[in-house]
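# Results of the structural survey
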Amino acid sequence: MGRLEGKVCLITGAARGQGAVEAKLFAEEGAKVWLTDVLDEAGAAMAEAAQGTYRHLDVRNEDEWSALIEEIVSRDGRIDVLVNNAGIFRSDTMLDTSLEDFRNVMGVNCLGVFLGMRAVAGPMRDAGAGSIVNISSLAGMQAASGAFAYGTSKWAVRGMTKTAAVELARRGVRVNSIHPGLIETDMLDQLHVDPERMTRRVPLGRTATAMEVANLALYLASDESSYSTGSEFVVDGGLSAV
Ligand SMILES: NC(=O)c1ccc[n+]([C@@H]2O[C@H](COP(=O)([O-])OP(=O)(O)OC[C@H]3O[C@@H](n4cnc5c(N)ncnc54)[C@H](O)[C@@H]3O)[C@@H](O)[C@H]2O)c1
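Residues numbered from 1 in each chain as written. Predicted model: local features only at pLDDT ≥ 70, side-chain atom pairs only at ≥ 80, totals over all residues.

### Observations regarding the overall build of the protein chain
When helices and strands are tallied, the protein chain shows 8 helices and 7 strands. Taking 18 Å as the expected radius of gyration for a compact globule of 242 residues, we find that the protein chain reaches 17 Å, a close match to that expectation. Judged by the C-alpha coordinates and their principal axes, the protein chain covers about 50 × 40 × 40 Å. Scored against the burial criterion, the 242 residues of the protein chain give a buried share of 45%. When contacts within the protein chain are restricted to residue pairs at least 6 apart in sequence, long-range pairs at least 24 apart make up 71% of them. (Helix = DSSP H or I, 4+ residues; strand = E, 2+ residues; numbered from the N terminus. Rg over C-alpha atoms; globule rule 2.2 N^0.38 Å. Buried ≥ 20, exposed ≤ 12 C-beta atoms within 10 Å, placed from the backbone. Contact = placed C-beta atoms within 7 Å.)

Here it is as structure tokens:
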């Protein structure tokens, strides 16, 4: 039996990167997976590979969230897991961050997570069970010098996770955050840092594959993590320990 057997799971930003790997892994573990993104072609192809269902969802759009959750609940009867994975990165210092960039980053990384949690909290609360996994970052645990808006948004994800976890705990809904370090996806390329320089400070001496984050997301999505809520889970090769 799979570790997510029969669970209905929704993953945002699942057209590529970590979200795509999570979708495939969750499906292999027996989940019914809904993949969402704004990259519709890639998202649909990924859904086919994961034997899941793709829907367009811009995480900033409240109406799209309502329509999707309504569809999932009417087709599958419930929603067990939400992985708030969609995110964007901008590299600018605080002084160089434009209002537009700040709003864009907060819109996807912060507002998107809030709207997602709020959209699924109703059906999860009614069912008396659910797991929400919010993808923050190491940038949500320490200064993100040179990525001001991004770091701000990821600290907000960490904070929202804790408050939502406490508010929903008595209703059987768990909320946790994952804090990845350097993960080999398109986003890492946006750092424009020489790979050797990047990994020099990482105790394990390397970047991580998306699967190494997906394995942690799987644990938090599953009932194996039944006593964890409001917690931070770091997957960074020891970077935050130095
Ligand atoms: N790669 C890293 O090193 C790293 C480190 C720490 C945290 N993270 C976080 O991990 C998560 C996944 O990122 P990734 O590394 O897979 O990068 P990625 O860029 O490959 O994937 C991000 C996905 O989010 C989607 N997305 C962007 N804006 C969206 C919107 N408005 N609505 C819906 N989807 C949208 C993109 O289309 C893309 O498919 C992000 O939240 C990111 O901040 C990444």
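Now that the structure has been shown, the text picks up again.
### Points about the site of the ligand
The immediate surroundings of the ligand are formed by 28 residues, with G13, G17, A86, G87 and T185 found nearest. Only α1 (17-28) and α6 (186-189) provide two or more residues apiece to the shell around the ligand. Across the shell around the ligand, the residue classes break down as 14 nonpolar, 9 polar and 5 charged. (Near = placed C-beta within 6 Å. Nonpolar A, V, L, I, M, F, W, Y, C, P; charged D, E, K, R; others polar.)

### Here we look at the sheet that holds strand β6 (residues 173-180)
Pairing is parallel across the open sheet formed by 7 strands, whose spatial order is β3-β2-β1-β4-β5-β6-β7. Strands at the two margins of the open sheet, each flanked by one partner only, are β3 (53-56) and β7 (232-235). Here the strands of the sheet are splayed against their neighbours by 20° on average, with no regard to which way each runs. Sheet topology note: the strand β5 (residues 130-135)/β6 ladder contains 6 bridges and is parallel. Across the sheet, residue S131 finds its bridge partner in β6, namely R174. Packed on one face of the sheet, helix α2 (residues 40-50) meets β2 (32-37) and β3 and runs near 165° to β2. (Pairing = 2+ DSSP bridges. Axes fitted to C-alpha atoms, helices over the stretch in contact; angles between N-to-C directions.)

### What about the pairing of β6?
For a regular strand, the rule is simple: side chains alternate between the two faces of the sheet. Within β6, 8 of the 8 residues are buried, which leaves it mostly tucked inside the rest of the structure. Here β6 shows no split at all, with V173, V175, S177 and H179 on one side and R174, N176, I178 and P180 on the other all buried. Both β6 and β7 contribute to a ladder of 4 bridges, which runs parallel. Looking at the pairing, S177 lines up with E232 of β7.

### Regarding unusual backbone geometry
One non-glycine residue with positive phi stands out, namely Q51, at about 50°. Positionally, Q51 belongs in the loop between α2 and β3. Taking the C-beta count within 10 Å as the criterion, Q51 has 12 such neighbours and is therefore assigned exposed.

### Description of helix α8 (residues 210-221)
An ideal rise of 1.5 Å per residue puts 16 Å on 12 residues; α8 measures up with 16 Å between its terminal C-alpha atoms. Among the residues making up α8, those that are buried are A210, V213, A214, L216, A217, L218, L220 and A221. Summarising the contacts, the buried residues of α8 are in contact with β1 (8-11), α1, β4 (81-84), β5, β6 and β7. (Expected span 1.5 Å × (residues − 1).)

### A word on the nonpolar core
Ranked by size, the top nonpolar core spans 69 residues in total, and within it C9, A23, F26, V33, L35, A217 and A221 carry the most contacts. Looking at this core, the element that brings in the most residues is helix α4 (residues 99-127), giving 9 residues. (Core = buried A, V, L, I, M, F, W, Y, C linked by C-beta atoms within 7 Å.)

### Here we look at the packing of α1 against α2
The N-to-C vectors of α1 and α2 enclose an angle of 25°; their axes lie 9 Å apart at closest approach. Here α1 lies roughly parallel to α2, going by the angle between them. For the element pair α1 and α2, the recorded crossing hand is right-handed. Contacts between α1 and α2 pair A20, A23, K24 and A27 from the former with M46, A49 and A50 from the latter. In terms of residue class, the contact of α1 with α2 is built from 6 nonpolar, no polar and 1 charged. (Parallel < 35°, antiparallel > 145°, perpendicular 65-115°, else oblique. Left-handed = near helix turned anticlockwise from the far one by under 90°.)

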